[in-house]
Each structure stands twice: as structure tokens, then as C-alpha cells.
Amino acid sequence: MQVARAQQPIAAAAVTLVLWIACVASFLPPLVHHTTKSVLLMIAAGIGITVCYVLHLVFVGIAAQRLDRSPVLWVVVSACFMPIASIICLIIFEWFSEQEKQATA
């Protein structure tokens, strides 16, 4: 039952990570000239980065709690080594989920 409850925050964390990457990408070289021409676009991308970052950490914490892991540890690791650690954390969460599914079957 815990595994099924953890699937939703894991998916939400993955979506917020993808959106965070898209917002950060707007400030990288191919798009930076377009982004910096519009103050509104810069503000929107900055707000998007902040909101997605916070929501991503919240969903990682919820997923860790539902899988009986330490939410503080997972959130701190995700925050310190963003985005690589977040990607690894999501893969590990899915791996734990699959293992628990196989153990209950």
C-alpha cells in the first residue's frame, strides 16, 4: 500500500524537475538572447525556477516519507546537488517501489 501512495509524489517530483530544467534552459546560450530581451519573460522564468524548485523538494520529501525513508536527508541531498541528485533520487525511489512490489507479490 505504501508503494501505491508514493507513486503520485514521485511523478509530481519528476514533472516539477522537468519544468525547472525548462525554466533554467531559458537562461542558457541558445535562448538567453530571447529571454533577456523581455523583462516579463525573465520574471516569469525566475518565478518558475523558484516555484518548481520548492515544489520539487516538497514532493521528494513526501515521497521519502511515504516510503519510510528520512525526508530531511532526501530533501537536503536533492537541494545540495540539484539536478543530478534529484534525478538519482527519483530513480532510487522507483527502484525501492519496484522492490517492494516484488516483495509483496
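First, a word on scope: everything that follows refers to the structure included in this document. Nothing here was measured: the structure is a model prediction, and the numbers come from that model.

How each quantity is defined
- Residues numbered from 1 in each chain as written.
- Predicted model: local features only at pLDDT ≥ 70, side-chain atom pairs only at ≥ 80, totals over all residues.
- Heavy atoms only, no water.
- Axes fitted to C-alpha atoms, helices over the stretch in contact; angles between N-to-C directions.
- Helix = DSSP H or I, 4+ residues; strand = E, 2+ residues; numbered from the N terminus.
- Left-handed = near helix turned anticlockwise from the far one by under 90°.
- Contact = heavy atoms within 4.5 Å.
- Nonpolar A, V, L, I, M, F, W, Y, C, P; charged D, E, K, R; others polar.
- Patch = residues over 30% accessible without salt bridge, like charges linked within 9 Å, V, L, I, M, F, W, Y side chains within 5 Å.
- Areas by Shrake-Rupley, 256 points an atom, 1.4 Å probe, with all protein chains shown as cover.
- Salt bridge = Lys/Arg side-chain N within 4 Å of Asp/Glu carboxyl O.
- Buried < 20%, exposed > 50% of the residue type's maximum accessible area, 1.4 Å probe, protein only.
- Polar contact = N/O pair within 3.5 Å; in protein donor to acceptor, adjacent residues only side chain to side chain.
- Core = buried A, V, L, I, M, F, W, Y, C linked by side-chain atoms within 4.5 Å.

### As for the packing of helix α3 (residues 39-66) against helix α4 (residues 71-80)
Link 1 in the chain: With their axes 8 Å apart at the nearest point, α3 and α4 run at an angle of 145° to one another. With respect to the hand of their crossing, α3 and α4 are arranged in right-handed fashion. Here α3 contributes Tyr53, Leu57, Val60, Gly61, Ala64 and Gln65 to the contact with α4, which in turn contributes Pro71, Trp74, Val75, Ser78 and Ala79.
Link 2 in the chain: Tallied by class, the residues present in the contact of α3 with α4 amount to 8 nonpolar, 3 polar and no charged.

### A look at a nonpolar patch on the surface
Link 1 in the chain: Residues Val39, Ile43, Ile47, Val51 and Leu55 make up a contiguous nonpolar surface patch of about 430 Å² in total accessible area.
Link 2 in the chain: Relative to the helices and strands, Leu55 is located in helix α3.
Link 3 in the chain: Overall, the relative accessible area of 36% leaves Leu55 in the partly exposed class.

### Let's talk about the side chain of His56
Link 1 in the chain: Checked against the element boundaries, His56 lands in helix α3.
Link 2 in the chain: Within the local environment of His56, its side chain forms a polar contact with the side chain of Thr16, the two groups lying 3.4 Å apart.
Link 3 in the chain: At a separation of 2.9 Å, a polar atom in the side chain of His56 contacts the side chain of Ser86.
Link 4 in the chain: Those residues within four positions of His56 in sequence are excluded, and the remaining contacts are Ala13, Thr16, Leu17, Met82, Ser86 and Leu90.

### Topic: the side chain of Ser86
Link 1 in the chain: Mapped onto the elements of the fold, Ser86 is located in helix α5 (residues 84-104).
Link 2 in the chain: Excluding its chain neighbours within four sequence positions, the residues that come into contact with Ser86 are Leu17, His56, Ser78 and Phe81.

### Observations concerning unusual backbone geometry
Link 1 in the chain: Cis geometry marks the peptide bond from Met82 to Pro83; its omega dihedral reads -5°.
Link 2 in the chain: With respect to the helices and strands, Pro83 occurs in the loop between α4 and α5.
Link 3 in the chain: Even without being glycine, Asp68 reaches a positive phi, approximately 60°.
Link 4 in the chain: If you trace the backbone, Asp68 turns up in the loop between α3 and α4.
Link 5 in the chain: Asp68 gets classed as exposed once you look at its relative accessible area, which sits at 53%.

### Structural notes on the environment of Ala103
Link 1 in the chain: Turning to its location among the elements, Ala103 is positioned in helix α5.
Link 2 in the chain: Overall, the relative accessible area of 65% leaves Ala103 in the exposed class.
Link 3 in the chain: For Ala103 and Ala14, which are 89 residues apart along the polypeptide, the C-alpha to C-alpha distance reads 25 Å.

### As for the nonpolar core
Link 1 in the chain: Grouped together as the largest cluster of nonpolar side chains are 16 residues, with contacts concentrated most on Ile10, Trp74 and Phe93.
Link 2 in the chain: Counting residues per element, the ones that place at least two in this core are α1 (2-25), α3 and α5.
Link 3 in the chain: Here this core takes 5 residues from α1, the largest share from any one element.
Link 4 in the chain: Here Trp74 is in contact with Val60, Ala64, Arg69, Cys89, Ile92, Phe93 and Phe96, once residues within four sequence places are set aside.

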